[in-house]
Each structure stands twice: as structure tokens, then as C-alpha cells.
Amino acid sequence: MSRAVRGPKSGASVRLASLRKTFGNVRAVDDISLDIPAGSFVAFLGPSGSGKTTTLNLLAGFITPDSGEILFDDAPISRTPTHQRGIGMVFQSYALFPHMTVFDNVAFPLKMRGERDRGRVRERVAEALAMVQLGGYEKRYPRQLSGGQQQRVAMARALVSHPRLLLMDEPLGALDKKLRDQMQIEIKNIHRRVGSTFVYVTHDQNEALTMSDFIVVMRDGAIAQAGTPQELYDSPANEFVADFLGGANLVRGRITGADAASQRIAFEDGQEVVVPLAGETLEPGAAASLFVRPEGVTLAQPDDERTRLHGEVSEIVFLGNSFRVIATVAGQGFSALVGRDEIGGLSLGDRVGFAWENERSRAFASEAGGT
Amino acid sequence: MSGQADTRSASPGAEIAPRCRLSARINIRLLVLLAPISLLIALFLILPIAIMFNRALTGEDVIAAYVEVLRSPVYTTVFLTTLKISALTTIITLLLGYPVAFALRFGRPRYRAIVLMLIVLPYWLDFIVRSYSWMILLGRKGIVNELLIWIGVIDRPVKLLYSLGSVVTGMVQIMLPMMILTLFAAMLRIDARLMDAASIHGASRWRSFARVFLPLSLPGVYGASLLVFVTALGFYITPALLGGTSETMISQSMLLLASELLDWKTASIAGTLLLFVTSILVLVYNRLFSIDRLWGGS
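Residues numbered from 1 in each chain as written. Chains lettered and ligands numbered in written order. Predicted model: local features only at pLDDT ≥ 70, side-chain atom pairs only at ≥ 80, totals over all residues.

**Description of the interface of chain A and chain B**
Item 1. With 26 residues of chain A at the contact, the number on the chain B side is 22 residues.
Item 2. Within the residue set of the side of chain A that touches chain B, elements represented by two or more residues are β6 (87-90), α2 (102-112) and α4 (147-159) of chain A.
Item 3. Residue classes in the side of chain A that touches chain B are distributed as 13 nonpolar, 10 polar and 3 charged. (Contact = placed C-beta atoms within 7 Å. Helix = DSSP H or I, 4+ residues; strand = E, 2+ residues; numbered from the N terminus. Nonpolar A, V, L, I, M, F, W, Y, C, P; charged D, E, K, R; others polar.)

**A short note on the nonpolar core**
Item 1. By size, the foremost hydrophobic cluster in this structure holds 106 residues, and its most contacted members are Ala156(A), Val216(A) and Val217(A).
Item 2. Residue contacts for Ala156(A): discarding those within four places in its chain leaves Val106(A), Ala128(A), Leu129(A), Met131(A), Val132(A) and Leu134(A).
Item 3. Trp134(B), Leu138(B), Met175(B) and Met187(B) belong to the second-largest nonpolar core, a separate cluster that totals 39 residues. (Core = buried A, V, L, I, M, F, W, Y, C linked by C-beta atoms within 7 Å. Buried ≥ 20, exposed ≤ 12 C-beta atoms within 10 Å, placed from the backbone.)

**Quick word on the domain arrangement of chain B**
Residues and elements named next belong to chain B.
Item 1. The domain boundaries assigned to chain B delineate domain 1 (1-58) and domain 2 (62-293).
Item 2. A straight line from the C-alpha centre of domain 1 to that of domain 2 covers 32 Å.
Item 3. Every contact between the two is made by 6 residues of domain 1 and, on the other side, 7 residues of domain 2.
Item 4. By residue class, the composition of the side of domain 1 that touches domain 2 is 4 nonpolar, 1 polar and 1 charged. (Domains from an automatic or database assignment.)

**Some thoughts on the sheet that holds strand β11 (residues 249-258) of chain A**
Through backbone hydrogen bonds, the strands of a sheet pair up, either in parallel or in antiparallel fashion.
Residues and elements named next belong to chain A.
Item 1. Pairing within the open sheet is antiparallel, and its 5 strands lie in the order β13-β12-β11-β14-β20. Looking at which strands have only one partner, the edges of the open sheet turn out to be β13 (272-276) and β20 (362-365). Each adjacent strand pair in this sheet contributes to an overall mean axis angle of 45 degrees, direction not counted.
Item 2. In terms of strand pairing, strand β14 (residues 287-292) meets β20 through 4 bridges, oriented antiparallel. The residue of β20 that forms the bridge with Leu-290 is Ala-363. (Pairing = 2+ DSSP bridges. Axes fitted to C-alpha atoms, helices over the stretch in contact; angles between N-to-C directions.)

What follows is the structure, given as C-alpha cells:
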């Protein structure tokens, strides 16, 4: 019996509607609404305690929401017991059954979901193990495998019954960096091949940027911003997202005025910049941060008309293909990524000008203690 | 390992030799620390056993003496009774204790503390006190008989004391905390995420238990059962107080031989035989049930 690697089923669409969950007096998930398109790869990104893991546990059914609803393909499931939801999951600790061989671990979901035909079980297990490149390891026990191999077994177990939704809870957290980078690409490949909806929880912004179609940045139990990686990177909605996702210059100052298309931020040392009104619109006098990505910043002569900010070079870091020039602007750090041939004879202590395209900058309400 | 993708092992520790010397020094200190307890064990455990062996294995007609003990229906009966009572106690303690330990493992921490307290509480009472309280409960005019008559199950008191039932009841009550605590400690080592992993991959609560939790708890079950069984073998006070003549256990016989009949030689032979049988049982048991080695455990 030969079949296509992929069954007829594809990913499920998932909708979270006004979901709430409180532990004691901590609002772990505070009124979250979200649409996850069928077959997409969504990363929940946030620091610990932001509610991303609680959201995942709600999807899995390990906990029930206080209010709100979860819908798979528009059918409410928040009262459906975990084992009837038809989900696959990769745990942070892998949670492989230590008393079962690799084969029995991977066969477990098939047997629990009523597959009685031994030939079919063997076929599906072999298929799943081949997908994670672990063919030939069937008779090993989990503790005879390396961390990376255990991770692959966990993937195979989660995918073997072709679940329409796959949950991953920081699955690469315990691996070293090289292996993690390799697995990111592999998981992305697997996602493309199986077509299930993947929900991936991580606190690693690189993982989220590398792998996902959509990123949901979470903070204090709420969604700080949701969108494609490019949207979030290029147009963050607030200082938190700007800071959490990729390197960002955030120079604190105060709003001094605004017109129809722009607003002005002044810094302690008297410098002023004009930014487009695309970020948050703030009242004059409000504490605000200038946002611009280091790779959008170029060096200019201090007297050049393109120069928007002046600073004093405090550090020059060689990165191989470029330099990171760090300067002091209004008593705060400001960095620019500069090509090798643009660096010139720059040295520490030099006065330098920084330029950028206006639409790459934003003003955000500044939070005390932020960088 | 024939790993294909990622069988890198951690880089070997660079400074192995100095660490070895350091650990040797620590070992000497450890020996000094161990000396008092080693001395105590040597004087009060190993020496008496040596004396017992000496009594049991020397003198004229050693073999004849053993044959006589083994042939005597009195001792074989007592031996079998001892094994039977211990086995019954172990099985009943296990059946009663496992659900309690399981509930403790997954119960709320607040209730866990209270229940643990209640389990440990009887430990503060002496064996004898607890055995005597069973005499009051199970006596002809005891609470159990009165209650059964009041409900109307029986119309005159039945004999509950001085039977196999009363001995096993008393011993179960005494051994239960040990069983529960040992099982609970073993169950705490089972990762609760495994149950989540089972249920999300399609196993109902019952099947998560049967396929994942139960097998993983078996080493704990074997260990706790062995502990209870071996402890039960040497019970003396409870069968003496709650049992009749047909519930005489081997420790009682040995005491009778040694202190009443002053037949130290036969008492030593019985003791040696008990030690021998117990050791064989433990060895066989270990061979049969150390399944954790199968999946690479220590």
C-alpha cells in the first residue's frame, strides 16, 4: 500500500475569542483574541510570564479558560478533553516515555487513536522517523539518545498521526546553538511538507523571525502586537515590540511638537529630530523614544545636511562583514551598522553625524527603565 | 553510537588527574565520618549474626540438627505461616496504599501536607499501643462487634480477635505509612509532563495511567513491597497480641526457644534459616523485578 506522504487533511484554523485565564490574582491570559489561519506557522514570542505558555496550555486543554472560547475550524473546543482534540505536541523537556522504545513512543498516538493494523502502524512510524532522519533508531530507549535525537523523536511522535494542529513549547531550548540553527530550518521544512498548523512558543526572537509566517508578541498576558515578521520588524507598534524583536536604537527624549505628518522629539543635550506620525501619536511634553534600526543608520559628516543626530564615537566593533559604530547621543548609546568601506578613518572620541531615511524612524511612548 | 546527525558528546573534562587526587582526600574524610556508624553496626549487627552462625554451624551433628528442625512440622508450619502472613500484609498494604500515594502525587499541595501529616501521625504511637487498640476494637464486646449488631448484620458477637484476619489487620495498619511514603517518594520522581504527553496524543485518563504512569511506578511498587515484606517477616508483637496459636510467626518461636526453653542452638538454626530464606527471596525478587535496568536505568 503506497500513499502520498501527506494525507488529505491539512491544517486547522484556530480562533481565540476573548480568552481569559487567571491564576490566583495573576491574569496569565488577559482577554486575548486572535485568528490563526489554517496551515500557518505562528510563533508566540515573549519573555517568561508573558502568557505564551498559558495560551499554549489552553490550546492543548491542560487547563480550561475562565471565559472566552477556542475554536478549531469554527467549532468550539474549550470543553473537549485534551485526548479528543487530535493535537500533536512537542514538549520543552520532550516528555518521551522512558520505558518505551523509540518505536513504541512514536507508535503511541496511533495506537491511542485506534489504529489496530500493525502493518499500518509500522509504516506510519517508519514514515515519521524518516521525516526527522532517525530511521534505524526504532529499538533504542530515549535515554540512549542524545538531546538532539530525543528532540527528533518528540517531533516524530507529535506528527505521526498527522494532527491538524501541532503545538511546540520551546522545543529547541535545551539544544546548543549550532544544532538549534539546523533544527530551525528542518522544522520549517517539515511544516511545509505536512501542511498542519504549527503553533510555536519561544522566547527567542531569532527563532520566531526565522521560522514563522506570523509572530504574536505577548506581554503581561496580552498581545503586544501580531503580524508577519517583516511587519513587526519594520513597523513595531510600540517600544516593547521594537526592543524585543531585533536590535533597535531607542533614544529617550520628550515630544516638543507635532504637525499633520510628523512630530518632534527633543533630547537632553538640546538636539531635536523629526519623525513621521506612523508610530504612536503623543502629546507635547510626553516622554518619548526615537526608534530607528542600526542597519538603517548611515554615517555622515557632522556638517552634512543629511545628518539628523550628532554623537561621539565610544566603541567600534568589527563584525566581519561590517562594523558596529556605537556613539553617545544625549548621554545614551546609539549604534549604526556600517559597511567596511564606509568606515573611513573613524576613531574613538570623534564627533560623527548619523543619517537615516525619515520613514524608517518612529516615536514611541517611552517606558521608564527601558533601554 | 552509530548516530548520523548529532552524536556530539560534551568535550572531555580537561583537568581529570587533579580532581582524582582531590576525591581521594575526600574519601579519607568520608571514612572518618562513617566510622562511628560502622562501629555500631559491626558491634550490634554483624557480631551477633556471627555468633548466631557460630552457634548454628558448629558442634556435633550440625546437619542432623538442621534436618531435625526442617523435618519438625512445628517449624515448617510456623515458617509457612510467617511467609503467608507477610505476603498477605504486603499485598493488602499495596492495594490500600497505592491509591493514597497516587492521590498525594497529583493532589493539591495544601491537601497534600494535611494528608501526609495524617499518614505520619500513627508513627508517633508505639507498635504495642496500636496493637492493643486493635484488641479493644476487635474484641468480643469491641466497637466493631457492637456496630455490626447495631446495624443488624449479626445478632451475637463474632470472634474477630486471635485470627489470621486480626493479625493481618493489625500489621497492615502498622505497615501502611511505610508503604504509602515509599510509593509517594517513587511517584514524585515521575515527570508529570509524561501524563500530559500521553493525553495530548490521544490517551484517556485511564489509559495514560495504565500505559505510562503505572509502568513507571512499578520499580517503586517492587521496592516498597520488598521493604514491607521483609519487615513483616520479623514481626513479633502484633501476632503475639492479636493472633492465636495458628498465627504464630517465626520470631515468636525463636523467642520461645531462646528465652523460655533456653535452646539457643535450635533458635540460632531457625534464625539462620530465616536469614537464608529471606536472602534467597530478595535475590530472586531482584532478578525478576529489576526491570528498570531494561530501559537503561541505574
